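Each chain, written out:
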Amino acid sequence: MKILNIKFFNFRNLENTSINLSSKINVFYGKNAQGKTSILEAIYFNSTGISFRTRKSSEIIKYNENSILSNIEYEDNITRNNIAVRYENILNSKKEFFFNKKKINQTDFYGKVNVIAYIPEDIILINGSPKNRRDFLDIEISQIDRGYLENLKNYNRILKIRNKYLKENLVKNPEYEIYEQEFIKYGARIIYSRIEYIKSLSIMLNLLYRKLFNSEQELSIKYENSSYKLSKLKIEDIEEELKKELIEKKFREMKYKFSLVGPHKDDFKFLLNNYEVKVNASQGEKKSIIFALKLAEIDIVKKNKKENPIIIIDDITSYFDEERRTSILEYLHKKDIQVLISSTDKLKIDSQNFYIKKGGVFVDKS
Ligand SMILES: Nc1ncnc2c1ncn2[C@@H]1O[C@H](COP(=O)(O)OP(=O)(O)OP(=O)(O)O)[C@@H](O)[C@H]1O
Ligand SMILES: [Mg+2]
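In this text, all values refer to a predicted model and were calculated from it rather than measured experimentally.

A.B. asks: If you had to explain the sheet that holds strand β13 (residues 339-343) to someone new, which residues and values would you point to?
C.D. replies: The six strands lie next to each other as β8-β12-β13-β3-β14-β15, forming an open sheet whose pairing is mixed. This sheet does not close on itself; its edge strands, each paired only once, are β8 (115-118) and β15 (360-364). The average angle at which neighbouring strand axes cross in this sheet is 20 degrees, direction not considered. Sheet analysis places strand β14 (residues 352-357) next to β15, joined by five bridges and oriented antiparallel. The residue bridging asparagine 353 from the neighbouring strand is aspartate 364, located in β15.

A.B. asks: Which residues make up the sheet that holds strand β1 (residues 2-9), and what are the values?
C.D. replies: Overall, antiparallel pairing links the six strands, which are arranged β2-β1-β4-β5-β6-β7 in an open sheet. Because the sheet does not close on itself, it has two edges, and the strands there are β2 (17-20) and β7 (102-104). Averaged over all adjacent pairs, the angle separating strand axes in this sheet is 20 degrees, with direction ignored. In the sheet, strand β5 (residues 80-88) pairs with strand β6 (residues 96-99) via four bridges, with the strands oriented antiparallel. Counterpart to arginine 86 in the pairing with β6 is glutamate 96. Sheet contacts for helix α1 (residues 36-48): β1, β2, β4 (67-75) and β5; angle to β4, the most-contacted strand, approximately 80 degrees.

A.B. asks: Could you give an account of helix α4 (residues 130-144), naming the residues involved and the relevant values?
C.D. replies: Between its first and last C-alpha atoms α4 spans 22 Å; for 15 residues at 1.5 Å apiece the expected length is 21 Å, and the two agree. Counting buried positions over the 15 residues of α4 gives eleven, a clear majority of the element. Taken together, the buried positions of α4 are Arg133, Arg134, Asp135, Phe136, Leu137, Asp138, Ile139, Glu140, Ile141, Ser142 and Gln143.

A.B. asks: Just give me the short version of the pattern of salt bridges, but keep the residues and values in it.
C.D. replies: Per the stated rule, a full pass over the model turns up 25 salt bridges. The partner of glutamate 322 in a salt bridge is lysine 348, and the shortest N-O contact between them spans 3.6 Å. You can see glutamate 322 sitting in helix α11 (residues 322-334) and its partner lysine 348 sitting in the loop between β13 and β14, a full 26 residues away along the chain. Of the residues examined, glutamate 322 reaches a relative accessible area of 41% and is grouped as partly exposed. Of the residues examined, lysine 348 reaches a relative accessible area of 72% and is grouped as exposed. Aspartate 364 is the salt-bridge partner of lysine 346, the closest N and O atoms lying 3.2 Å from each other. With lysine 346 in the loop between β13 and β14 and aspartate 364 in strand β15, this pair connects stretches of sequence that are 18 residues apart. In this structure aspartate 364 comes out as buried when scored by relative accessible area, which is 16%. Shared partners join several salt bridges into a network, and the residues in it are Arg86, Glu88, Glu96 and Lys103.

Rules and cut-offs
Residues numbered from 1 in each chain as written. Chains lettered and ligands numbered in written order. Predicted model: local features only at pLDDT ≥ 70, side-chain atom pairs only at ≥ 80, totals over all residues. Heavy atoms only, no water. Pairing = 2+ DSSP bridges. Helix = DSSP H or I, 4+ residues; strand = E, 2+ residues; numbered from the N terminus. Axes fitted to C-alpha atoms, helices over the stretch in contact; angles between N-to-C directions. Contact = heavy atoms within 4.5 Å. Expected span 1.5 Å × (residues − 1). Buried < 20%, exposed > 50% of the residue type's maximum accessible area, 1.4 Å probe, protein only. Salt bridge = Lys/Arg side-chain N within 4 Å of Asp/Glu carboxyl O.

So this is what it looks like as structure tokens:
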């Protein structure tokens, strides 16, 4: 999959413009605070409907403006299409999604263009909170499995209702039982997909990490949920597990007036030779693990969608020295993956370069 062109309007400090991208490596270079990350963010936002820097879409709108619009033209194995996102920062306003100029809903929009972003902040996947890790899983799985996104939306809707009933002491109401069944149904499906995803991710991650960084160590990921212990994973068994946990924690939930059981409480951790990476690994090891993780994601997307995703690497010079950069970019080049990179310096590689200054994008012809 390749992005051919992006147009954006009112995006952070960027001048409204249209950029034609190369199907190979694109480098956006320039001094600090010129708009390099913002360009990558605009491309990511247009592809996924969310930013990789913030959950608040209002923050990405240019100061003193109140709406944002961007449009991507892309090609996959079969055809050329375009997708667009529009967002207006007025009360209760929703994002609008378009496919070939026709309005579509977010579920249909999601996953049309698959991008994987590697940004310096990704280290929070290891160092950050369980919520960071759950968000990661939700985003990645939704890109390859639309049913997952549907289940997630339903689950979150029921979770809100469930919390309201707990808060207002209404759990004895007859309809609560119906919500409880829905809660278990969607919750179990989410847990099932996450465990399946983690299992295949973990195997690929280990292989890539060992190969890329010449390591003898065993790297793995472990999902933290009681269903992970189940020897043969079946949705019905996870439903049973959830039911059991809900009964066990019933009185605590009534006491705390909040849902204490379910996938919104789960987490996962990285283990290197069975030691927890968060606590024991060095900074360099953590960065390398996250990068290997992104490469593993490429293979997962490719397997599911029969298409390579597009890779975004923000601030590549802050991660890797020249030697490592070259080997990583060669790896991506061989796989015929479109790469979008930001860097403070021009790189010594064969690439389409864009010079970024004060929000302006200038095609580098030299
Ligand atoms: N909503 C916004 N409207 C206008 N300008 C913004 C907005 N949000 C951020 N900025 C400004 O846009 C500029 C570009 O930010 P960006 O993060 O893209 O820079 P960068 O080129 O990636 O810099 P660095 O090399 O330091 O990472 C910054 O000066 C930032 O303060
Ligand atoms: Mg930046």
